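Residue strings, one per chain:
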Amino acid sequence: MEKKMVNSVTQNIAHRVIDYLAPQFCIYCDQQSHSPEAVCEVCQDALRVNDQACPQCALPGMDGRLCPNCLKAEPALKTVTAAFEYDPAIAYLMHRWKYLKNRNLSRTAAKLMLNSEICIKNVDIVLATPLHWRRKLRRGFNQSEDLLSSLSRLYPPLQPTPKKRALLKRCIATKTQAHASRRERLSNLQGAFTVVGNVHGCSVAVIDDVCTTSATGNAMARVLLDAGASEVHLYCLARTPSP
Ligand SMILES: [Zn+2]
Ligand SMILES: [Zn+2]
């Protein structure tokens, strides 16, 4: 007990010193966040939590009921969990993270996901959504891999399975799916992913930054299930509402 108290006092002092020497500012309000995160508590509370989503695919604004697509046919993904609705606030964070290459924001994104109290299942294999090597080379990093690394540092049960991060590969550099029709999305994704290891009988969690449509997630889930995975879940920071 005493040791715990000493640790917490030491941590408190360390935070204050870091706060003084290298203050962190909130990306939204420019105020000091008084934490290692780039989003202060007030701005964090203003983000739109995705708590009225379709329980299957996390489509926002469904009052907790299945959306028309999930009612029509059961998707390959067992569940999709998205912490927030994708709105201009999340778009701003994503822009700074992905396109302005502020990679420290992966920790903030991970912390936001965990603070939203999403429920992460115990699974056998944890993977990040792969980027095609050409896109990764152009951007310099895969934000989903960064998100998974940050999540596993903050939430130790979610460890990427060693040597298995490359279990799933993206073999075709698909175009961005955001403005494609459903038919275009499905044909863009044909043969886009391949499994390059043994997933037989394993439950799998895939970590992604934003789920725009669940087409990409379902394409990954399909190849993993075809390779023998028992179930596939997708966890992401945010999910876009239906257009
Ligand atoms: Zn703020
Ligand atoms: Zn749905």
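See the structure printed just above.
In this report, we go over the structure that sits alongside the text. (Residues numbered from 1 in each chain as written. Chains lettered and ligands numbered in written order. Predicted model: local features only at pLDDT ≥ 70, side-chain atom pairs only at ≥ 80, totals over all residues. Heavy atoms only, no water.)

**What to know about the overall build of the protein**
Within the protein, the secondary structure is distributed over nine helices and six strands. Partitioning the intrachain contacts of the protein with sequence separation of at least 6 by distance along the chain shows that 69% fall at a separation of at least 24. (Helix = DSSP H or I, 4+ residues; strand = E, 2+ residues; numbered from the N terminus. Contact = heavy atoms within 4.5 Å.)

**Re helix H5 (residues 105-115)**
Taken together, the buried positions of H5 are Leu105, Ser106, Thr108, Ala109, Ala110, Leu112 and Met113. For H5, the secondary structure elements touched by its buried residues are helix H2 (41-45), strand S1 (79-85), helix H4 (88-99), helix H7 (143-154) and strand S6 (231-239). Positive backbone phi, at 60°, marks glutamate 117, one or two positions downstream of H5. (Buried < 20%, exposed > 50% of the residue type's maximum accessible area, 1.4 Å probe, protein only.)

**Re unusual backbone geometry**
The backbone of aspartate 63 sits at a positive phi, close to 55°, despite the residue not being glycine. Assignment of secondary structure puts aspartate 63 in the loop between H2 and helix H3 (68-72). Positive phi outside glycine occurs at lysine 101, with the angle close to 55°. With respect to the helices and strands, the residue lysine 101 is situated in the loop between H4 and H5.

**Considering the packing of H4 against H5**
Between H4 and H5, the least distance of the axes is 9 Å, while the angle of their chain directions is 145°. Within the contact between the two elements, H4 uses Leu93, Arg96 and Trp97 and H5 uses Leu105, Ser106, Ala109 and Leu112. In terms of residue class, the contact of H4 with H5 is made up of five nonpolar, one polar and one charged. (Axes fitted to C-alpha atoms, helices over the stretch in contact; angles between N-to-C directions. Nonpolar A, V, L, I, M, F, W, Y, C, P; charged D, E, K, R; others polar.)

**A closer look at the coordination of the zinc ion (ligand 1)**
Those donors, Cys26 (SG), Cys29 (SG), Cys40 (SG) and Cys43 (SG), are the protein atoms that reach the zinc ion (ligand 1), and they lie 2.3 Å from it. One can describe the donor arrangement at the zinc ion (ligand 1) as tetrahedral, given that its four donor atoms subtend angles of 104 to 115° at the metal. Read N to C, the donor residues that coordinate the zinc ion (ligand 1) are spaced as C-x2-C-x10-C-x2-C. Of this pair, cysteine 26 sits in the loop between helix H1 (2-21) and H2 while cysteine 40 is found in the loop between H1 and H2, placing the two residues 14 residues apart along the sequence. Classification of cysteine 26 as buried rests on a relative accessible area of 1%. The class for cysteine 40 is buried, based on a relative accessible area of 9%. (Donors = N, O, S within 2.8 Å, 3.2 Å for Na, K, Ca; no water. Tetrahedral: all angles 85-135°; square planar, octahedral: opposite > 155°, others 65-115°.)

**What about helix H9 (residues 215-226)?**
For an α-helix the count is 3.6 residues per turn, leaving residues at separations of three or four pointing the same way. Between its first and last C-alpha atoms H9 spans 16 Å; for 12 residues at 1.5 Å apiece the expected length is 16 Å, and the two agree. Turning to H9, its buried residues are Ala215, Thr216, Gly217, Asn218, Ala219, Met220, Ala221 and Leu224. Of the residues trailing H9, glycine 228 is marked for its positive phi of about 110°. (Expected span 1.5 Å × (residues − 1).)

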